[in-house]
Amino acid sequence: MDTQADHQKRAIRAELRERRRTMTSSERESAESGLTARLIELAGRHDAHTIACYLSGQNEPNTRPFLNTVIADGMKVLFPITREDGLLDWTDGESGAEVIGLFGTPEAVGNILGPIAINDVDLIIVPAAAVDSTGMRLGWGRGFFDKTLGSMERCPPVYAVVFDGEFVDTVPSEVHDQRVNGVVTPTRIIEFSAPSPF
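Quick notes on the rules
Counting from 1, residues in each chain are numbered in the order their sequence is written. Where totals are concerned, whole chains, interfaces and linings use all residues; where local detail is concerned, this predicted model gives features only for residues with pLDDT of at least 70, and gives and counts side-chain atom pairs only at 80 or more. Heavy atoms throughout the structure, all of them, feed into the side-chain values; hydrogens and water do not. Strands here are runs of E lasting at least two residues and helices are runs of H or I lasting at least four, both read from the DSSP assignment and numbered beginning at the N terminus. Within these notes, the globule rule equals 2.2 Å times the number of residues to the 0.38 power, and the radius of gyration is based on C-alpha atoms. Buried residues are those whose accessible area, probed at 1.4 Å on protein chains only, stays under 20% of the maximum for their type, while exposed residues exceed 50% and partly exposed ones sit between those limits. Residue contacts follow a heavy-atom distance rule, with two residues in contact if any of their heavy atoms lie within 4.5 Å. Reported accessibility uses the Shrake-Rupley method at a 1.4 Å probe radius. Residues are deemed covered only where the shown protein chains occlude them. Charged residues are defined narrowly, with Lys and Arg counted positive, Asp and Glu counted negative, and His plus the chain ends left uncounted. For charged residues, the charge sits on one atom: NZ in Lys, CZ in Arg, CG in Asp, CD in Glu. Two strands are counted as paired when DSSP detects at least two bridges linking them. Definition used for salt bridges: Asp or Glu carboxyl oxygen within 4 Å of a side-chain nitrogen of Lys or Arg.

Helices and strands together make up the secondary structure of the protein, namely four helices and 12 strands. In terms of overall size, the protein behaves like a compact globule, its C-alpha atoms giving a radius of gyration of 16 Å where 198 residues would be expected to give roughly 16 Å. With respect to the principal axes defined by its C-alpha atoms, the protein has extents near 45 × 40 × 35 Å. Each of the 198 residues in the protein was classed as buried or not, and the buried ones make up 48%. A fraction of 64% describes how many contacts in the protein between residues 6 or more apart in sequence connect residues 24 or more apart. When the accessible surface of the protein is summed, it comes to about 9,900 Å², and 50% of that surface belongs to carbon and sulfur atoms. Across the protein, the centroid of the 19 positively charged side chains sits 4 Å from that of the 29 negatively charged ones.

Here three strands make up an open sheet; going across it, the order is S8-S7-S10 and the pairing mixed. Taken across any chain shown, the strands that pair with only one partner, and hence form the sheet edges, are strand S8 (137-138) and strand S10 (167-168). In this sheet, S8 lies alongside strand S7 (residues 130-132) in antiparallel orientation, the contact comprising two bridges. By the bridge assignment for S8, Ala130 is matched with Leu138.

A complete count under the given rule lists nine salt bridges for this structure. A salt bridge links Arg45 to Glu41; its shortest N-O distance comes to 3.0 Å. With Arg45 and Glu41 both in helix H2 (residues 25-45) and four residues apart, this pair spans about one turn of that helix. A salt bridge links Arg45 to Glu191, with the shortest nitrogen-to-oxygen separation between them at 3.0 Å. In this pair, Arg45 sits in helix H2 while Glu191 sits in strand S12 (residues 189-191), placing the two residues 146 residues apart along the sequence. Judged by its relative accessible area of 46%, Arg45 is partly exposed. Note on Glu191: relative accessible area 42%, which makes it partly exposed. Taken together, the salt bridges that share partners define one network made up of Arg38, Glu41, Arg45 and Glu191.

Structure below.
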């Protein structure tokens with residue numbers, strides 16, 4: 001059953017998709033450079049040796065330059081693989097190739113490690129449409145990351161990646177939605193002081 005929050009989420013997602021679609025190439029380049037530097041800084045802050053991170057889609061903040069840098073430096077990265085049951089498998093992306101996943105998002109190709117592989121990472125970096133000042137994350141509506149994070153007994157720090165204008169005062173939320181420990185934008189890293197729900 002559709003809720004008021006569900007309708008609000010859909011409207012916000014549509015607006016944000018359109019805003020991302022109409023960004024200029026110079027805006028994207030500037031954001032990519034800043035985001036790469038912030039994500040490298042974040043990984044260093046957490047002394048991360050193994051991370052979970054997604055491959056960005058066409059209009060998302062670009063995670064690839066960051067991933068290329070940390071992989072070249074010897075960091076282990078797990079990439080999410082969508083499944084029809086709503087859970088995520090993980091891969092080491094060993095082949096270096098990409099395919100389009102079940103729901104149209106880019107996915108790495110490599111050894112499939114299963115859903116519990118994420119339990120061994122030091123840092124999780126997730127996509128978002130927006131994040132609010134309490135750390136509530138508005139995803140894109142499939143619920144993969146909410147289910148994954150909500151099922152973990154001991155969760156490492158989780159950071160969402162958004163453009164600067166997508167860090168907002170408040171987003172609509174429902175019971176299943178998961179807060180994040182911080183947000184990374186092209187210009188800053190924001191930590192949330194509220195206790196983690198994980």
